[in-house]
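# Topology and contacts: notes
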Amino acid sequence: AGATEHSIYAGTKGAIVSFTRELSLELIQKGIRVNAIAPGWVEVPNHHRLLGDDFDWEAGAREVPVGFIGQPSDIGRVAIFLSSDEARYIIGQTIVADGGQVSIMPLSGDFRGRREYQFGQDYVPNLKNITR
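These remarks concern the structure in this document. This structure is a prediction, so every number in the text was calculated from the model and none was measured.

## Here's the deal with the overall build of the protein
The number of helices and strands found in the protein is 5 helices and 2 strands. Put simply, the protein has 132 residues, and 17% of those count as buried. Partitioning the intrachain contacts of the protein with sequence separation of at least 6 by distance along the chain shows that 68% fall at a separation of at least 24. In the structure as shown, the protein presents an accessible area of about 10,000 Å², 57% of it carried by carbon and sulfur atoms.

## Concerning the packing of aromatic side chains
Evaluation of the coordinates by the stated rule reveals 3 aromatic pairs. Relative to tryptophan 57, the ring of phenylalanine 55 lies with its centre 5.0 Å away and its plane at 80°, an arrangement referred to as edge-to-face. A relative accessible area of 27% places phenylalanine 55 in the partly exposed class. Of the residues examined, tryptophan 57 reaches a relative accessible area of 19% and is grouped as buried. One aromatic cluster is present, formed by Trp41, Phe55 and Trp57 through successive ring pairs.

## With respect to the side chain of serine 24
Assignment of secondary structure puts serine 24 in helix α1 (residues 7-27). Once you skip the residues sitting within four places of it in the chain, serine 24 turns out to touch Val34, Ile91 and Gly92.

## Quick look at the pattern of salt bridges
Summed over all chains, the structure comprises 1 salt bridge. A salt bridge links arginine 77 to aspartate 74; the nearest nitrogen and oxygen atoms lie 3.1 Å apart. Remark: aspartate 74 and arginine 77 occur in helix α4 (residues 72-83); sequence separation between them is 3 residues, near one turn of the helix. Its relative accessible area of 54% is what places arginine 77 among the exposed residues. For aspartate 74, a relative accessible area of 28% translates into the label partly exposed.

## Details of the environment of alanine 36
Here alanine 36 is to be found in strand β1 (residues 36-39). Between the C-alpha atoms of alanine 36 and valine 96, which are 60 residues apart in sequence, the distance is 8.6 Å. Once residues within four sequence positions are removed from consideration, alanine 36 is found in contact with Ile16, Thr20, Leu82, Gln93, Thr94 and Ile95.

## Examining the environment of glutamine 101
Mapped onto the elements of the fold, glutamine 101 is located in helix α5 (residues 101-104). Here the alpha-carbon distance between glutamine 101 and proline 39, two residues 62 residues apart in the chain, equals 9.7 Å. Ignoring sequence-local partners within four residues, the contact set of glutamine 101 consists of Gly40, Trp41, Val64 and Pro65.

Cut-offs used in this document
Residues numbered from 1 in each chain as written. Predicted model: local features only at pLDDT ≥ 70, side-chain atom pairs only at ≥ 80, totals over all residues. Heavy atoms only, no water. Helix = DSSP H or I, 4+ residues; strand = E, 2+ residues; numbered from the N terminus. Buried < 20%, exposed > 50% of the residue type's maximum accessible area, 1.4 Å probe, protein only. Contact = heavy atoms within 4.5 Å. Areas by Shrake-Rupley, 256 points an atom, 1.4 Å probe, with all protein chains shown as cover. Phe/Tyr/Trp six-rings, centres within 6.5 Å; stacked < 30°, edge-to-face > 60°. Salt bridge = Lys/Arg side-chain N within 4 Å of Asp/Glu carboxyl O.

Have a look at this one:
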């Protein structure tokens, strides 16, 4: 699912999916399985720093379909599975572990409205002075 003013972010996500598929075909011949994990909202220290002390984590959790914000261990379990022999027949896949967030994103707001904020302005250094 897309979001306005996230074109660079979306493009890199698409590139990772495609790269994962291609690299898996190249490396499986050497016995190396390649897969990717696409995590949703995972509670990490950086989110606390960015969102601040006043952020309502319980309200945020209600916005995720499973009712909670993921933990690093939730993603770690997927990584352990993919690296185990239990996943020996899985290659070139991007596993989405997001608590159902992708399922609801298309319904999350009006994409036609003008935005005053600029997502992505810090993704690429020195692009802060570019205007629309």
